[in-house]
Amino acid sequence: MLWLLTLSATVYSFILIYSLQRATDSNYLQSQIIAVGIGILGAIIFSVIDYINLLKYWYIWTIVGILLAVSVFLFGITVTGTDDTAWIRLPGGMTFQPSELMKICFIITFSKHLAYTVENGLIKYIKGVLLLFIHAMIPIVIIHFQGDDGSALIFLMMFAIMAFTAGVQLRYFAIALGAVVICIPFIWSFVMNDEHRNRILALFDLDGNALTDYGWQQYQGKVSIASGGIFGSGIGKGTRVQNNIVPEQQNDFIFTVAGEELGFVGCIVLILILILLMVKIIVIAIKSKDIAGRCICYGLFGMLTTQTIINLGMVLGFLPVVGITLPFFSQGGTSVMSMFFGVGLVQSVYLHNKMEIDDKLSGKYKLLLKNEFFD
C-alpha cells in the first residue's frame, strides 16, 4: 500500500508536468522521470538494509549532512524564481538542493539520538531535551544562513513532531512556544528581511497587493484554481496553464494546474492520496517494535505533512510564499528523490519488523512440532 500510494502520486505528477511543460521550452518531465528513477533505486536500497544498521553508523550520516551543508557555502548558486543561495550546479547544467538530502540525514541521526535519549531515561530531564534541541538547531541555523528559511521551517517541524511522538513532555513545547511569541518583535525587525515581511503583509492585503510582486503569484494561483470548477477544463486544455500565467507553476504552485485542468475533483484526489500516505506511515510507526523505528516513520510523516500543509496553505493564500514543494507532485529532482529515500527508510522499518515477527512465529512453530514429536 505504501508503494501503491507513492507511485500513484508520482504518476499523477507526471500527468500534471506533461500538461504544463507544453507552455515552456523546458523538458520538465524528462528530468522528473530521471529523478524518480534515482529515487526508486535509492528507496529499494534503503528498504533492504536493516534500519538498525543504518542507525548504527549514524556518524557517517552526520558527516554526509555536514558536507552537504558546507558545499552550499562553497559552490552555492541562486536559481531562477528564488532569492536564496541553496543549490549546487552539476555537470550538464542540472542543479540539486543539498538541504533536501540533509532531511534524510537528519531523520537517521535524530532518530538515533532520540532512541538513545529515551532508552537511557534522559528524555525526562532538561539536559537530555536541551541536547535534542541543539541537535535540531544545527541544520536549522545553517540553512537559515543559506537564505532558505522555508527548508529551515520544515526541519523545525520535523524536530517538533519527532520529539513529541518520542515522549518529550508538553511543558517543553509550551516553553518554546512562549519564547517564540515573546521574540516575534525581534524576529520581525532583525531576522526577517523586507522580502519576508512583504510576503506576510500581502496575505492581509492581497487584492491591493495583487498588482505587485508579492501578491501576484498567490492571486493568479487562486484564480486558476477557481477557474477549474468541479471537473476542470481537462488535461492540456487549461488556457491559463498553457499561457504560463502562474509563475513557477511547475514547482511550488503545481496544485494550481490540478485545480484548473482537473477541477475540485482532481484537487480532492490529490489531497486524498497524500492523506492516505500519511495514515499509512503512522500505521507502520505504531506497529514498529522499537522507538528508533517509530522515530524514522514519524520523521518522514513530519516532512510529508508539514510540506503538504505549508504548500497548500501558501497556494490558497492562507500562508506566505516560502518556497516549499508539494511532496511527490512538484517538479524538482532533489525534492522527489528525498521523498523516495524517506519512503525507503519507512519500508525498511516495516520489512525488518515483519521479518522479525515471522522469524519468531517460525521458531515457535518449529518448537511446537519438536515437542509434539517427542511427546
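Since we're looking at a predicted model, the values are computed, not measured. (Residues numbered from 1 in each chain as written. Predicted model: local features only at pLDDT ≥ 70, side-chain atom pairs only at ≥ 80, totals over all residues. Heavy atoms only, no water.)

Undergrad: Explanation requested: helix α5 (residues 98–119) in the structure shown.
TA: For an α-helix, 3.6 residues make a turn, and residues three or four places apart therefore share a direction. Under the 1.5 Å per step criterion, the end-to-end length of α5 is 32 Å for 22 residues, consistent within 8% with the ideal 32 Å. Two residues or fewer past α5, G121 is found with a positive phi of approximately 70°. (Helix = DSSP H or I, 4+ residues; strand = E, 2+ residues; numbered from the N terminus. Expected span 1.5 Å × (residues − 1).)

Undergrad: How should the packing of helix α7 (residues 149–166) against helix α14 (residues 291–315) be read in this particular structure?
TA: The geometry of a pair of packed helices is captured by two quantities: the angle between their axes and the separation between those axes. Look at α7 against α14: their axes get within 8 Å of each other, and the N-to-C directions meet at 140°. When the interaxial angle is binned, α7 and α14 end up oblique. Note on packing geometry: the crossing formed by α7 with α14 is right-handed. Contacts between α7 and α14 involve L153, I154, M157, M158, I161, M162, T165 and A166 on the former and, on the latter, I291, C295, Y298, G299, F301, G302, M303, T306, Q307 and I310. (Axes fitted to C-alpha atoms, helices over the stretch in contact; angles between N-to-C directions. Parallel < 35°, antiparallel > 145°, perpendicular 65-115°, else oblique. Left-handed = near helix turned anticlockwise from the far one by under 90°. Contact = heavy atoms within 4.5 Å.)

Undergrad: Is there a simple way to explain the side chain of S224 in this structure?
TA: If you trace the backbone, S224 turns up in helix α11 (residues 213–227). A residue is classified by how much of its surface remains accessible, and S224, at 1% relative accessible area, is buried. Setting aside chain neighbours within four positions, we find S224 in contact with R240, V246, T256, G259 and E260. (Buried < 20%, exposed > 50% of the residue type's maximum accessible area, 1.4 Å probe, protein only.)

Undergrad: Would you mind showing me how to read the sheet that holds strand β1 (residues 76–77) here?
TA: The pairing of strands in a sheet comes from backbone hydrogen bonds and takes either a parallel or an antiparallel form. Across the sheet, which stays open at both edges, the three strands sit in the order β1-β2-β3 with antiparallel pairing between neighbours. The sheet is open, and its two edges are formed by β1 and β3 (95–96), each paired on a single side. As paired elements, strand β2 (residues 87–89) and β3 share two bridges and run antiparallel to each other. In the strand pairing of β3, I88 is matched with F96. (Pairing = 2+ DSSP bridges.)

Undergrad: Sorry if this is basic, but what is going on with the side chain of S111 here?
TA: Looking at the secondary structure, you find S111 in helix α5. At 2.5 Å, the side chain of S111 and the backbone oxygen of I107 are in polar contact. Beyond its immediate stretch of four places on either side in the chain, S111 contacts L55, F106, M162, A292, C295 and I296. (Polar contact = N/O pair within 3.5 Å; in protein donor to acceptor, adjacent residues only side chain to side chain.)

Undergrad: Would you explain the layout of surface pockets in this entry?
TA: Gaps between atoms show up when a probe of the same size as a water molecule is rolled over them. Size it by volume and the second largest pocket reaches roughly 450 Å³. Looking at the lining of the second largest pocket, the elements that each hand over two or more residues are α4 (58–75), α5 and α6 (126–145). The class makeup of the residues in the lining of the second largest pocket is 14 nonpolar, five polar and one charged. (1 Å grid on protein atoms, 1.4 Å probe; cavity = no way out; pocket = protein on both sides within 12 Å on 5 of 7 lines; lining within 4 Å. Points joined across faces, edges and corners; volume = space filled by probe spheres on them. Nonpolar A, V, L, I, M, F, W, Y, C, P; charged D, E, K, R; others polar.)

Undergrad: Quick question: what am I supposed to make of the confidence of the model for the protein here?
TA: Low-pLDDT portions of the prediction should not be read for the details of their coordinates. Of all residues in the protein, 90% attain a pLDDT of 70 or more, and the chain-wide mean is 88. Helix α10 (residues 206–209) is the least confidently modelled element of the protein, averaging 62 in pLDDT, while helix α13 (residues 254–287) averages 96, the highest of any element. (pLDDT = per-residue confidence, 0-100.)

Undergrad: What exactly am I supposed to notice about the packing of α5 against α7 here?
TA: Put simply, α5 and α7 touch, their axes get as near as 11 Å, and they point 25° apart. With respect to their mutual orientation, α5 and α7 come out roughly parallel. Here α5 and α7 pass one another in a crossing that is right-handed. Facing α5, whose interface residues are S99, M102, K103, F106, I107, F110, S111, L114 and V118, α7 presents S151, I154, F155, M158, F159, M162, A163 and A166. Taken together, the residues of the contact of α5 with α7 break down into 13 nonpolar, three polar and one charged.

Undergrad: So what exactly am I meant to see when it comes to the pattern of salt bridges here?
TA: Pairs can form between side chains of opposite charge whenever their charged atoms are close. Going through the model one piece at a time under the given rule, you end up with two salt bridges. Its salt-bridge partner being D194, residue R197 comes within 2.7 Å of it at the nearest N-O pair. Placement of both R197 and D194 in helix α9 (residues 194–204) is noted, with a separation of three residues, approximately one turn of the helix. (Salt bridge = Lys/Arg side-chain N within 4 Å of Asp/Glu carboxyl O.)

Undergrad: Looking at this structure, how should I read the packing of aromatic side chains?
TA: For any pair of aromatic rings, the description consists of the separation of the ring centres together with the inter-plane angle of the planes. Using the criterion set out here, one finds 14 aromatic pairs in the structure. Aromatic pair F186 and F190: ring centres 5.2 Å apart, planes at 40°, arrangement tilted. Taken as a pair, F186 and F190 lie in helix α8 (residues 170–191) at a separation of four residues, close to a single helical turn. Classification of F186 by relative accessible area gives partly exposed; the value is 48%. (Phe/Tyr/Trp six-rings, centres within 6.5 Å; stacked < 30°, edge-to-face > 60°.)

Undergrad: Quick question: what am I supposed to make of unusual backbone geometry here?
TA: The general pattern is negative phi for most residues beyond glycine and trans for most peptide bonds. Phi at N244 takes a positive value of approximately 55°, unusual for a residue other than glycine. Note on placement: N244 falls in the loop between α12 (239–242) and α13. Of the residues examined, N244 reaches a relative accessible area of 34% and is grouped as partly exposed. The phi dihedral of E248 is positive, around 55°, even though this residue is not glycine. Mapped onto the elements, E248 comes out in the loop between α12 and α13.

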